[in-house]
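# Results of the structural survey
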Amino acid sequence: MGRVVKVLRTLRNHWKKSSFAACVLSYGGYWIYGKHCDSVLRREACQEAREFGRALIGPQEPLKRATVILNPAASNGKANSLFEKNAAPILHLAGVEIKIVKVVTGLLRRNDEEAFSKTPIGFIPLGAHNSLCQSLHLATDNTVRRITSATLSILKGETVPLDILQIKSEKEQPVFAVMSIRWGSFRDVAESISKYWYLGPLKTRAAHWFSTLKEWPQTRQASLSYLPPVPRPPEMPTEKPQRPNLLHRIYIRLQNYWNPPVEEPPVEPEPEIWEEKHLSTLELTISTQNKNPVKNRTDDSMVLSVEPDTLTVGQFITEGIKKAENPLESTEHTLQMEASACRVNLPEEGAGFYNIDNEAFEAMPVEVRLLPRKLRFFCSAERREELAQGN
C-alpha cells in the first residue's frame, strides 16, 4: 500500500511529465492497435484469396487475367508501396496474371486496344481522391480495408460496363477519362488549396477567399456545341454462344452457297445537327454517368454542367468548399444538359488548365465524345446490389 501511495504522490508532484507520458502511451497504444487491425485484415484477405488459388484449372481453360490501373503518383508517391503491401500478395495467392497500366489513356492508345479493352479492369483505390471507387466499392475510411476489398472483387469476377470520354484536340493525341473533365474557377482554386496547409482546417475556405481578392467576378467565356443523346442499344451477352454441331454448320454453309443472302445497300449516315451555346460561367464540367453504372438508361449520354455566373462571394466560398470534397457536386442553379458529343471552344489566351480525372492538362479547344460501355471494371457485388436498389 505504501508503494502505491508513493507512486501516486510522484505522479501528482510531476503532473506535467505524467500527463505528457500518458498522452504518448495512449497515442502509441492506439497506433499499435491500428497496425494490428490492418494486419488482421490482410491475413483474412489472403486466406480468402488462397481458396481461389487452390481451385483446379482445366487443361483447356485459360489463366485468369486482369488489368490493374495503378497511379504511381497517388498518396504522395506511396501508391507502389501500398499496392505491394496490400494488394499484390492477394493476387499472387489467387494465381491471377496481372497487367498494370498507369492510366486509362495508356490502355486505349494501344494498337491492339480493341482486343485488349475486352479484358476486365481492376481499379484499386490507392489515393486520397477516389471518385470512381464510390461507384465500384463500398465506402470505408480504412485504407487497408478499401484496398483489400477492391482486390478481392477482382477475384470474385463481378463486373460492370463503364462509359469513357474521348477528348481530342488538333495538336495532341486523344486523352481518355472515366469520370470527368473540368474547366473553370472552382478547379483553379482547388489546385491552390495545398499552398495554405499552415491554416489547417481553414485552408479550403482561405484559398477561395484569397482568390476572390485577386479577381472577381471569376467568370469564364466559352462557346459550346453539342449533339443530343443517342438511344442505347441492347447489351450484348458477355458469354460466347455455344458452337453449333458439325452437321448444322455444313447445312448453313450449303444454304448460303445455293441461296446467298442479299446484300443490303449501304445506308448513308444522317448529318449531325450541332446545337451551339455561348457560355458565361464559373465552371464547366463534362462528366460520364458512371456514378451509378448499373442504372437502366434508355439513352447513352454524358452530362454537361454549366455553373451560374451570378454567385456572390459568400456563395462562391460555400459552394467551393463543397466542390473540394466532391468535385462533381452541382450548385443549386446549375444548368445541366445531356449530350453524346460536344465541342468546347475557348479563348486563345488565358484559358488556363483542364482537370481530366484529377490530372492537369493545358486548356485548348477540344471535341469530347462518349464511348458508351467501352470498358468493363471489376466491382463489389455488395456495392452493385446497393446501387441497383437505388434505381
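Preceding this paragraph is the structure being described.
In what follows, the accompanying structure is described. (Residues numbered from 1 in each chain as written. Predicted model: local features only at pLDDT ≥ 70, side-chain atom pairs only at ≥ 80, totals over all residues. Heavy atoms only, no water.)

### Describing the pattern of salt bridges
This is how the line gets drawn: Salt bridges are counted wherever a side-chain nitrogen of Lys or Arg sits within 4 Å of a carboxyl oxygen of Asp or Glu. Helix and strand assignments come from DSSP, with helices taken as H or I runs of at least 4 residues and strands as E runs of at least 2, each series counted from the N terminus. Burial classes follow relative accessibility: with a 1.4 Å probe on protein chains only, a residue under 20% of its type's maximum area counts as buried, one over 50% as exposed, and anything between as partly exposed.
Tallied over the entire structure, the rule returns 12 salt bridges. A salt bridge links Glu 283 to Lys 323, with the shortest nitrogen-to-oxygen separation between them at 3.8 Å. Highlighted residues: Glu 283 in strand β10 (residues 283–287) and Lys 323 in helix α13 (residues 313–325), separated in sequence by 40 residues. Exposure class is identical for Glu 283 and Lys 323. Each is buried.

### Side note on the sheet that holds strand β15 (residues 353–356)
Hydrogen bonds between backbone groups are what pair the strands of a sheet, and the pairing can be parallel or antiparallel. Under the convention used in this document: The pairing criterion is simple: DSSP has to find at least two bridges between the two strands. Axis lines are fitted to C-alpha atoms, over the contacting stretch for helices. Their N-to-C directions set the angle, which ranges from 0 to 180 degrees.
Strand order in the open sheet formed by six strands is β13-β12-β10-β6-β15-β16, and the pairing between neighbours is antiparallel. Sheet topology places β13 (335–339) and β16 (359–362) at the edges, where each strand pairs with a single neighbour. With strand direction ignored, the average angle separating the axes of adjacent strands in the sheet is 20 degrees. Where β15 and β16 come together, four bridges link them in antiparallel fashion.

### Quick notes on unusual backbone geometry
Geometrically, the link from Trp 216 to Pro 217 is a cis peptide bond, its omega value of 0 degrees lying close to zero. By the element assignment, Pro 217 lies in the loop between α11 (203–214) and β7 (220–227). Residue Asp 357 is not a glycine yet carries a positive backbone phi of 50 degrees. Within the element layout of this structure, Asp 357 appears in the loop between β15 and β16. Accessibility expressed as a relative area gives 28% for Asp 357, which makes it partly exposed. At Arg 373, a position not held by glycine, the phi torsion is positive, near 50 degrees.

### Here we look at the packing of aromatic side chains
Here is the rule: A pair of Phe, Tyr and Trp rings is counted when the ring centres sit within 6.5 Å of each other, with Trp represented by its six-membered ring. The angle between the planes then sorts it: under 30 degrees is stacked, over 60 is edge-to-face, the rest tilted. We call a charge positioned over a ring when the NZ of a Lys or the CZ of an Arg lies within 6 Å of the ring centre and within 35 degrees of the ring normal.
Following the criterion strictly, the structure yields six aromatic pairs and no others. Here the aromatic rings of Trp 197 and Tyr 198 are separated by 5.8 Å at their centres, their planes lie at 80 degrees, and the arrangement is edge-to-face. Clustering of aromatic rings is evident, with ring pairs tying together Tyr 196, Trp 197, Tyr 198, Trp 209 and Phe 210. Residue placement shows Arg 343 over the ring face of Trp 274; its charged tip is 3.8 Å from the ring centre.

### Some thoughts on the environment of Gly 314
Inspection of the secondary structure assignment puts Gly 314 in helix α13. For the pair Gly 314 and Trp 216, spaced 98 residues apart in sequence, the C-alpha separation works out to 12 Å.

### Comments concerning the nonpolar core
The condition is simple: Buried Ala, Val, Leu, Ile, Met, Phe, Trp, Tyr and Cys residues form a nonpolar core when they are joined through side-chain atoms within 4.5 Å. We call two residues in contact whenever any of their non-hydrogen atoms come within 4.5 Å of each other.
Counting residues in each nonpolar core, the largest one holds 28 residues, and the members touching the most others are Ile 286, Cys 342, Val 344 and Tyr 354. Those residues in contact with Cys 342 that sit more than four places away from it in its chain are Leu 224, Ser 225, Tyr 226, Trp 274, Ile 286, Met 302, Leu 304, Val 366, Glu 367 and Val 368. The next biggest cluster of nonpolar side chains, apart from the first, holds 22 residues, and it includes Cys 133, Val 178, Met 179 and Phe 377.

### Describing empty space enclosed by the protein
Heads up, the rule is: Every definition here rests on a 1 Å grid over the protein atoms only: cavities are sets of points where a 1.4 Å probe fits but cannot get out, pockets are open sets enclosed by protein on both sides within 12 Å along at least five of seven lines, and lining residues have some atom within 4 Å of a point. Grid points are joined across faces, edges and corners, and a volume is the space filled by probe spheres set on the points.
Summed over all chains, the structure comprises one cavity of 30 Å³ or more. The computed volume of the largest cavity comes to approximately 40 Å³. Along the walls of the largest cavity sit Ile 181, Arg 182, Trp 183, Leu 284, Ile 286, Val 344 and Tyr 354, which together make up its complete lining. For the lining of the largest cavity, the secondary structure elements donating two or more residues are β6 (180–184) and β10.

### Structural notes on the pairing of strand β1 (residues 65–69)
Along β1, four of the five residues are buried, which leaves the element largely enclosed by surrounding structure. Where β1 lies against strand β2 (residues 97–101), five bridges are found, and the strand directions are parallel. In the sheet register, Ile 69 faces β2, and the bridge partner there is Val 101. Pairing geometry for β1 and strand β3 (residues 121–123), over three bridges, is parallel. The residue bridging Ile 69 from the neighbouring strand is Phe 123, located in β3.

### Some points on helix α2 (residues 15–53)
In an α-helix, one full turn covers 3.6 residues, which means residues spaced three or four apart are oriented alike. In plain terms, the rule: Expected helix span is taken as 1.5 Å per residue step, with the number of steps being one fewer than the number of residues.
In this model, α2 (39 residues) spans 57 Å end to end at C-alpha, consistent with the 57 Å of a helix rising 1.5 Å per residue. Buried within α2 we find Asp 38, Leu 41, Arg 42, Ala 45 and Ala 49. Summarising the contacts, the buried residues of α2 are in contact with α4 (79–86), α5 (88–94) and α9 (143–156).

### Section: the side chain of Thr 212
Within the secondary structure, Thr 212 is located in helix α11. For Thr 212, a relative accessible area of 10% corresponds to the buried category.

### Focus on the packing of helix α10 (residues 185–192) against α11
Note the threshold: When describing relative orientation, an angle under 35 degrees is termed roughly parallel and one over 145 degrees roughly antiparallel, while 65 to 115 degrees is termed roughly perpendicular and anything else oblique. Definitions for this section: a left-handed crossing has its near helix turned counterclockwise from the far helix by less than a right angle. A right-handed crossing has that turn clockwise.
Close contact between α10 and α11 brings their axes to 9 Å; oriented N to C, the two are set at 120 degrees. As the angle between them shows, α10 and α11 are arranged oblique. The handedness of the crossing between α10 and α11 comes out as right-handed. Side by side, α10 and α11 meet where Phe 186, Val 189 and Ser 192 of the first sit next to Ala 207, His 208 and Ser 211 of the second.

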